[in-house]
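One-letter residues, chain by chain:
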Amino acid sequence: MSDVIDERPSLAQRAASSPGDLLEQIARDYGVSTLDVVRNLPADQATVVPGEAFADIMQDITTWGEILFLIHNQDIVLECSGTLPPGTVAHGYFNIHGDSPIGGHIKADNCKAIAFVVRGLKRVGMSVQFYNAAGEAMFKIFVRRDANRELIPEQVEMFEALRQRYVAG
């Protein structure tokens, strides 16, 4: 019987060298959670903070204007554009309602980590990703692009300012 040597790159090497690959696909390829992949991204591509920052981060994002709210699981990639209404906590949920297509009830206590992710191959994307205890994304909020498909500079500034609050903290 011969020993089989795993010749694939380490998870950190794969994550760093594949900026255009979906995080979820890398996770499937390596048999780990999506959050494990995010934690293995280079420091300039990901900043991970505790889920306890949920309400503060969500409140900040309400000031960004129109964002892209995305839910990605094995069955669907659902995208919804709009402003994020302010939320309130009641009955164990973070409730968002307002004059926006984005609304509902989020079990905020299930959020165990939040990642600020900056990556992409041809076009860099910026997102705030909310992860549950299993290390899977509850949802992601992306910085929007303008008509020329460029990131909106004001939102990039707000994303970076929010991220830096947690890097410095």
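Whatever comes next refers back to the structure up there.
Heads up: these notes are all about the structure in this document. Computed from a prediction, not measured in an experiment: that's the story for all the values here. Within any chain, residue numbers begin from 1 and follow the written order of that chain's sequence. In keeping with the model being predicted, local features are shown solely for residues with a pLDDT of at least 70 and side-chain atom pairs are shown and tallied solely at 80 or more, while totals for entire chains, interfaces and linings include all residues. Side-chain measures were taken over the full set of non-hydrogen atoms in the model, leaving aside hydrogen atoms and water.

## Structural notes on the overall build of the chain
Link 1 in the chain: A tally of helices and strands in the chain yields five helices and nine strands.
Link 2 in the chain: Our radius of gyration is a C-alpha quantity, and the globule rule it is checked against amounts to 2.2 Å times the number of residues to the power 0.38. Its C-alpha atoms give the chain a radius of gyration of 17 Å, near enough to 15 Å, the size a compact globule of 169 residues would have.
Link 3 in the chain: With respect to the principal axes defined by its C-alpha atoms, the chain has extents near 65 × 40 × 35 Å.
Link 4 in the chain: When the accessible surface of the chain is split by element, carbon and sulfur atoms take 52% of a total near 9,400 Å².
Link 5 in the chain: The charge count treats Lys and Arg as positive and Asp and Glu as negative. His and the chain ends do not count. Lys charges are placed at NZ, Arg charges at CZ, Asp charges at CG and Glu charges at CD. The positive charge centre, built from 15 side chains, and the negative charge centre, built from 22, are 2 Å apart in the chain. For helices the rule is a DSSP run of H or I covering at least 4 residues; for strands it is a run of E covering at least 2, with both sets numbered from the N terminus onward. Only the protein chains shown count as covering a residue, and every accessible area follows the Shrake-Rupley method with a 1.4 Å probe.

## Observations regarding the sheet that holds strand S1 (residues 46-50)
Link 1 in the chain: For two strands to be treated as a pair, DSSP must find no fewer than two bridges joining them. In space, the six strands of this open sheet follow the order S1-S7-S8-S9-S2-S3, with antiparallel pairing throughout. In this open sheet, the two edge strands, each paired with only one partner strand, are S1 and strand S3 (77-83). On average, each strand axis in the sheet is inclined to that of its neighbour by 20°, with strand direction left out of account.
Link 2 in the chain: As defined by bridge partners, strand S2 (residues 66-72) adjoins S3 across seven bridges and the pair is classed as antiparallel. What sits directly across from isoleucine 67, in S3, is glycine 82.
Link 3 in the chain: On the sheet, helix H4 (residues 54-61) packs against S1, S2, strand S7 (113-119), strand S8 (125-131) and strand S9 (137-142) and is oriented at approximately 145° with respect to S8. Helix axes are fitted only over the stretch in contact, all axes being lines through C-alpha atoms; the angle between N-to-C directions runs from 0 to 180 degrees. Contact criterion: two residues are considered in contact whenever any of their non-hydrogen atoms come within 4.5 Å of each other.

## Let's talk about helix H2 (residues 23-30)
Link 1 in the chain: Every buried residue of H2 is accounted for by Leu23, Glu24, Ile26, Ala27 and Tyr30. Looking straight down H2, one finds its buried side chains confined to an arc of 160°; they lie on one side.
Link 2 in the chain: Count one or two residues on from H2 and you reach glycine 31, which has phi positive near 65°. Between buried and exposed lies partly exposed: a residue is buried under 20% and exposed over 50% of the maximum accessible area for its type, with that area taken using a 1.4 Å probe on protein chains only. Note that the arc is defined by the directions from the helix axis to the C-beta atoms.

## Some remarks on the pairing of S8
Link 1 in the chain: The buried count for S8 comes to seven of seven residues, which makes it a mostly enclosed element.
Link 2 in the chain: Both faces of S8 are covered, namely the face carrying Gly125, Ser127, Gln129 and Tyr131 and the face carrying Met126, Val128 and Phe130.
Link 3 in the chain: Both S7 and S8 contribute to a ladder of seven bridges, which runs antiparallel. Of the residues in S8, the one forming a bridge with alanine 113 is tyrosine 131.
Link 4 in the chain: The turn linking S7 back onto S8 is made up of five residues, and glycine 120 within it adopts a positive phi angle of 155°.
Link 5 in the chain: Both S8 and S9 contribute to a ladder of five bridges, which runs antiparallel. Bridging across to S9, valine 128 finds its partner in isoleucine 141.

## Structural notes on the layout of surface pockets
Link 1 in the chain: Cavity and pocket criteria rest on a 1 Å grid covering protein atoms alone: a 1.4 Å probe that fits but cannot get out defines a cavity, protein on both sides within 12 Å along at least 5 of 7 lines defines an open pocket, and an atom within 4 Å of a point defines a lining residue. Grid points are joined across faces, edges and corners, and a volume is the space filled by probe spheres set on the points. Considered as a void within the structure, the largest pocket measures approximately 680 Å³ in volume.
Link 2 in the chain: Residue lining of the largest pocket: 28 residues in total, with Leu22, Arg119, Gly125, Phe142 and Arg145 positioned closest to the centre.
Link 3 in the chain: Counting only elements with at least two residues in the lining of the largest pocket, the list comes to H2, S2, S3, S7, S8 and S9.
Link 4 in the chain: Here the element with the most residues in the lining of the largest pocket is S8; it accounts for four residues.
Link 5 in the chain: Put simply, Ala, Val, Leu, Ile, Met, Phe, Trp, Tyr, Cys and Pro go in the nonpolar bin, Asp, Glu, Lys and Arg in the charged bin, and everything else, Gly too, in the polar bin. Split by residue class, the lining of the largest pocket holds twelve nonpolar, six polar and ten charged.
Link 6 in the chain: Within this model, the second largest pocket holds a volume of roughly 240 Å³.
Link 7 in the chain: If you go around the second largest pocket, the residues you meet are Glu24, Ala27, Arg28, Val32, Thr34, Ile71, His72, Asn73, Gln74, Glu136, Ala137 and Met138.
Link 8 in the chain: Sorting elements by how many residues they give to the lining of the second largest pocket places H2 first, with three residues.
Link 9 in the chain: When grouped by side-chain class, the residues that make up the lining of the second largest pocket number five nonpolar, four polar and three charged.

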